[in-house]
Amino acid sequence: HRSAAATSAGYDPRMTDSMTSRMRAFGVAVVVVSAALTGRATAQTLTDSATFNDPFSTDPHNPGNRAAIQTHVIQMIDATPSGATIRISSFLFASVTYRDALLAAHARGVNVQLLVDASLTHDASGNSFFDLANGLGRDTSKPSFAVLCAVDNGCIGTGIDHDKFFLFSSTSGQTKVVVQTSANMIDHVDKGNSGLTAWNNAVTLVDEPVIYEIGRA
């Protein structure tokens, strides 16, 4: 039994029990928060990788579903800090998903530069490229722009611009990140295309200054 004398002397054991319980609860909370932060950091770590999609999977819980490459790239776009630059070359552009992500990046101070082949993409009112070009501008001397290559010609050299790559000066805490992919920047699924409805792959290379500079040139 607890001593009445101890209580009268200013020591109340019940206070000790309460303090102990609170300290234990605090300790558990710290462990839970630390684990959550550790898990978040791990999930956001960007390393060399290969990403594949399954055009027949629409399951949002399947990391390899048909939007796997698009999701991977947009996560990198979203993780690009203000002042950094995203450079993109694509054969086709018809994506409100990419449009919105790139406009949001531009709004927070990211430089966005996009080149697209003119074969099947048109800078016409009502489509996603037009919206993006309006938001970024079309002046290639500026930090941000979206332009089409000349018809039946690449932006550099002759022939079509059939390449599909993304260059990030900085994203997810990494620098000079390259994504080379077979997927076009297309998010509609009403007809055949090499976006969501085809088998595609993307290779991500982190801290690759040589490849990055070749693409940037």
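**Student:** Would you mind showing me how to read the overall build of the chain here?
**Tutor:** Helix and strand counts for the chain come out as six helices and nine strands. Across the 217 residues in the chain, those meeting the buried criterion constitute 37%. As displayed, the chain offers around 12,000 Å² of accessible surface, 59% of which is attributable to carbon and sulfur atoms.

**Student:** Explain the packing of aromatic side chains here, please?
**Tutor:** In this description, a pair of aromatic rings is defined by centroid distance and the angle of the planes. Applying the stated criterion across every chain yields a total of three aromatic pairs. Ring geometry for Phe-93 and Phe-129: centres 6.2 Å apart, planes at 75°, overall edge-to-face. Here Phe-93 is found in strand S3 (residues 93-94), whereas its partner Phe-129 is found in helix H5 (residues 128-136), with 36 residues between them in sequence. For Phe-93, a relative accessible area of 4% puts it in the buried group. Taken together, a centroid distance of 6.0 Å and an interplanar angle of 25° make the contact between Tyr-98 and Phe-166 stacked. Of this pair, Tyr-98 sits in helix H4 (residues 96-107) while Phe-166 sits in strand S6 (residues 165-171), and the two are 68 residues apart along the sequence. Take Tyr-98: its relative accessible area is 4%, and that puts it in the buried class.

**Student:** Explanation requested: the side chain of Ser-89 in the structure shown.
**Tutor:** If you trace the backbone, Ser-89 turns up in strand S2 (residues 85-90). Assessed through its relative accessible area of 6%, Ser-89 is described here as buried. Reaching out from Ser-89, the side chain makes a polar contact with the side chain of Asp-161 at a distance of 2.9 Å.

**Student:** Whenever I open this one, the pattern of salt bridges confuses me. Can you help?
**Tutor:** Between side chains of opposite charge, a pair can form as their charged atoms come close. Tallying each qualifying case throughout the model produces five salt bridges. In this structure, Asp-123 engages Arg-138 in a salt bridge whose closest nitrogen and oxygen atoms are separated by 2.7 Å. One end of the pair, Asp-123, is in the loop between strand S4 (111-116) and H5; the other, Arg-138, is in the loop between H5 and strand S5 (145-148), with 15 residues separating them in the sequence. Note that Glu-213 and Lys-176 form a salt bridge whose closest N and O atoms lie 3.6 Å from each other.

**Student:** Would you mind going over the sheet that holds S2 with me for this structure?
**Tutor:** One key point about sheets: their strands pair by backbone hydrogen bonds, in either a parallel or an antiparallel sense. Read across the sheet, seven strands follow the order S1-S9-S7-S6-S2-S4-S5 without closing on themselves; strand pairing throughout is mixed. Two strands lie at the open edges of the sheet, namely strand S1 (49-52) and S5, each paired on one side alone. The mean inter-strand angle of the sheet, taken between neighbouring strand axes irrespective of direction, is 10°. Pairing analysis gives four bridges linking S2 to S6, with the strands arranged antiparallel. Note that in S6 the partner of Ile-88 across the bridge is Phe-166.

**Student:** Is there a simple way to think about helix H3 (residues 68-78) in this case?
**Tutor:** Because an α-helix completes one turn every 3.6 residues, residues spaced three or four positions apart along the sequence face the same direction. Of all eleven residues making up H3, eight are buried, and the element is well covered by its neighbours. Listed in full, the buried residues belonging to H3 are Ala-68, Ile-69, Gln-70, His-72, Val-73, Ile-74, Met-76 and Ile-77.

Here is what the cut-offs are and how they apply
Residues numbered from 1 in each chain as written. Predicted model: local features only at pLDDT ≥ 70, side-chain atom pairs only at ≥ 80, totals over all residues. Heavy atoms only, no water. Helix = DSSP H or I, 4+ residues; strand = E, 2+ residues; numbered from the N terminus. Buried < 20%, exposed > 50% of the residue type's maximum accessible area, 1.4 Å probe, protein only. Areas by Shrake-Rupley, 256 points an atom, 1.4 Å probe, with all protein chains shown as cover. Phe/Tyr/Trp six-rings, centres within 6.5 Å; stacked < 30°, edge-to-face > 60°. Polar contact = N/O pair within 3.5 Å; in protein donor to acceptor, adjacent residues only side chain to side chain. Salt bridge = Lys/Arg side-chain N within 4 Å of Asp/Glu carboxyl O. Pairing = 2+ DSSP bridges. Axes fitted to C-alpha atoms, helices over the stretch in contact; angles between N-to-C directions.

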